[in-house]
Amino acid sequence: MDRRRFLQHAAAPVTALATMSIPAFAQSAPASTGDLAVRAASIEAWRQRLQGMLDKGRLPMIDIQATYVPGVTNIGQLMAWMDEVDIAQIAFATASSPDSGPSLELHRQYPGYFIPTTSSGEFPRWWNNPAAFVSRVAADLKTGNYYTMGEHEFRHYPSPEQVEARNNGRDITVPLDGPAGHALFQLSEDTGTAFQIHYEIEDPLLPVLESMLARYPKARVIWCHLGMIRYPDRAKAYNPAYVKSLITRFPHLHFDLAVPRAENIYRPSGARDSTIFQNGRLGEEWQALMEGFPDRFLVASDYRPPVESLYRTTMGRHRNQILGPLSEAVRHKLAYGNAWRLVTGNSWGA
Ligand SMILES: [Zn+2]
């Protein structure tokens, strides 16, 4: 197809897109017609795959938080599992790479499956120089090729597999109100693009988060791992009522549901760290919160290669234990609707 025919071919979706609010283009240079056509094609690929699952009477899920390690992640296996357990898309943030490029390459190879996501802040390039990392993310976003940002570790305790391996190298503190934090919140305000934070729940950290949210009211923040409390004695103030107070004060704050299984014990503290569950079920107050504010929560796997074999189990558990008890309309928002809105800038079906 020559360029003119390609543009004619693309004209309809481009016209439609021109009237939409498109997060990544919000404040960047005007996009060319070609850019808009590429963007329309990406969104159409996601829409078709997701709609195909709905047409079969299934509940599709968009996995908003997952870490891609090129050469280690078994993409073929993962895609087979996505088909098997109705994962429409994964927002795959690359770790251990100099830029976000591998996530975009993956999308170009398998457009319907993967959402181009900027780098995952879960490896030394983030910890060692977070400000430079955010600059790189800003440059990647400016291309207009990315739809959401990866997870940034501001406060992170060693993960269970690192505890197992006696690897305490990922006990991370990057001040949320330091230069990288300000740059990231500002970047989200400027571009309308959502970003994810890993921020352990500790009482002294909460006022810092609140002050950043107040200072950058348009920043789209996804606070990962709702209710995951690894040291209960450090987190007296956090409960469903506190989360509700954040939600009512900060209209662009979201939470992802990448949480350990209900019976999980975080070994360093001995605590049952998944506090949204009570007696093995989604707690009543948490359920009421999700029903009351259905636009603020998103499912996620927290996939990374060491736990690859658990992918289907993890997503199946979220489906049964978190989405299962919710009402039908709310379930659809948490499963894919909210992610769709943050990624594309429009409501599903709009
Ligand atoms: Zn995390």
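Note that this is a predicted model, so its numbers are computed, not measured. (Residues numbered from 1 in each chain as written. Predicted model: local features only at pLDDT ≥ 70, side-chain atom pairs only at ≥ 80, totals over all residues.)

**A few points about the sheet that holds strand β5 (residues 172-173)**
Consideration 1: Ordered by their spatial adjacency, six strands build an open sheet running β5-β4-β6-β7-β8-β13, and the pairing between neighbours is mixed. Of all the strands in the sheet, the pair left with one neighbour each is β5 and β13 (297-298).
Consideration 2: Summarising the sheet, strand β4 (residues 151-156) and β5 pair through two bridges and their orientation is antiparallel. Counted as the bridge partner of H156 is I172 from β5. (Pairing = 2+ DSSP bridges. Helix = DSSP H or I, 4+ residues; strand = E, 2+ residues; numbered from the N terminus.)

**Notes on the packing of helix α10 (residues 240-249) against helix α11 (residues 284-292)**
Consideration 1: Closest axis-to-axis distance for the α10/α11 pair is 10 Å, and the angle between their directions is 15°. One way to sum up the angle between α10 and α11 is to call them roughly parallel. Helix-helix and strand crossings are classified by hand; for α10 and α11 the assignment is right-handed. Where α10 abuts α11, its residues P240, V243 and K244 lie against E285, W286 and L289.
Consideration 2: In terms of residue class, the contact of α10 with α11 is made up of four nonpolar, no polar and two charged. (Axes fitted to C-alpha atoms, helices over the stretch in contact; angles between N-to-C directions. Parallel < 35°, antiparallel > 145°, perpendicular 65-115°, else oblique. Left-handed = near helix turned anticlockwise from the far one by under 90°. Contact = placed C-beta atoms within 7 Å. Nonpolar A, V, L, I, M, F, W, Y, C, P; charged D, E, K, R; others polar.)

**A word on the sheet that holds strand β3 (residues 114-117)**
Consideration 1: Spatial ordering of the open sheet is given by β1-β2-β3, a layout of three strands whose pairing is parallel. Two strands close off the open sheet at either side, each with one partner strand: β1 (61-68) and β3. Strand after strand, the sheet turns through a mean of 25° between neighbouring axes, direction not considered.
Consideration 2: Taken together, the six bridges between β1 and strand β2 (residues 87-94) define a ladder with parallel strand orientation. Looking at β2, one finds that I62 is bridged to Q89.
Consideration 3: Lying over the sheet, helix α4 (residues 101-109) contacts β1, β2 and β3, oriented at roughly 155° with respect to β3.

**Here's the deal with the pairing of β2**
Consideration 1: Among the eight residues that make up β2, eight are buried, leaving the element largely enclosed by the rest of the structure.
Consideration 2: Following the backbone out of β1, through helix α3 (residues 75-84) and into the adjacent parallel β2, one traces a crossover that is right-handed.
Consideration 3: Taken together, the four bridges between β2 and β3 define a ladder with parallel strand orientation. In the sheet register, A91 faces β3, and the bridge partner there is I115.
Consideration 4: In this region the chain leaves β2, passes through α4 and returns to the parallel neighbour β3; the handedness of that crossover is right-handed. (Buried ≥ 20, exposed ≤ 12 C-beta atoms within 10 Å, placed from the backbone. Right-handed = clockwise from strand over helix to strand, strands pointing away.)

**Regarding the nonpolar core**
Consideration 1: Ranked by internal contacts, the top residues of the largest apolar core, which has 80 residues, are L257 and L298.
Consideration 2: In terms of residue count, helix α13 (residues 328-344) provides more of this core than any other element does, eight residues in total.
Consideration 3: In this structure, this core is formed jointly by two domains, domain 1 (1-18 + 32-58) and domain 2 (59-344), each of which donates at least three residues.
Consideration 4: Setting aside its immediate chain neighbours within four residues, L257 contacts L226, F297, L298, V299, A300, H318 and I322. (Core = buried A, V, L, I, M, F, W, Y, C linked by C-beta atoms within 7 Å. Domains from an automatic or database assignment.)

**Notes on helix α6 (residues 130-142)**
Consideration 1: The terminal C-alpha atoms of α6 lie 18 Å apart, and with 13 residues this matches the ideal 18 Å at 1.5 Å per residue to within 8%.
Consideration 2: Within α6, burial applies to P130, F133, V134, V137, D140 and L141. One side of α6 holds all its buried residues, which, seen down the axis, span an arc of 115°. Looking at α6, the residues exposed on the side facing more than 90 degrees away from the buried face are A132 and A139. (Expected span 1.5 Å × (residues − 1). Arc of directions from axis to C-beta.)

**Some words on the confidence of the model for the chain**
Consideration 1: The share of residues in the chain with pLDDT of 70 or more is 90%, and the mean pLDDT across the chain is 91.
Consideration 2: Confidence over residues 1-29 falls short of pLDDT 50; this stretch has 38 contacts with residues more than four positions distant or in other chains. (pLDDT = per-residue confidence, 0-100.)

**As for the packing of α6 against helix α8 (residues 179-191)**
Consideration 1: Running from N to C, α6 and α8 cross one another at 15°; their axes reach a closest spacing of 8 Å. By the angle between their directions, the pair α6 and α8 is classed as roughly parallel. Judged by the twist between their axes, the crossing of α6 over α8 is left-handed. In contact with P130, A131, F133, V134, V137, A138 and L141 of α6, α8 contributes P179, A180, A183, L184, L187 and T191.

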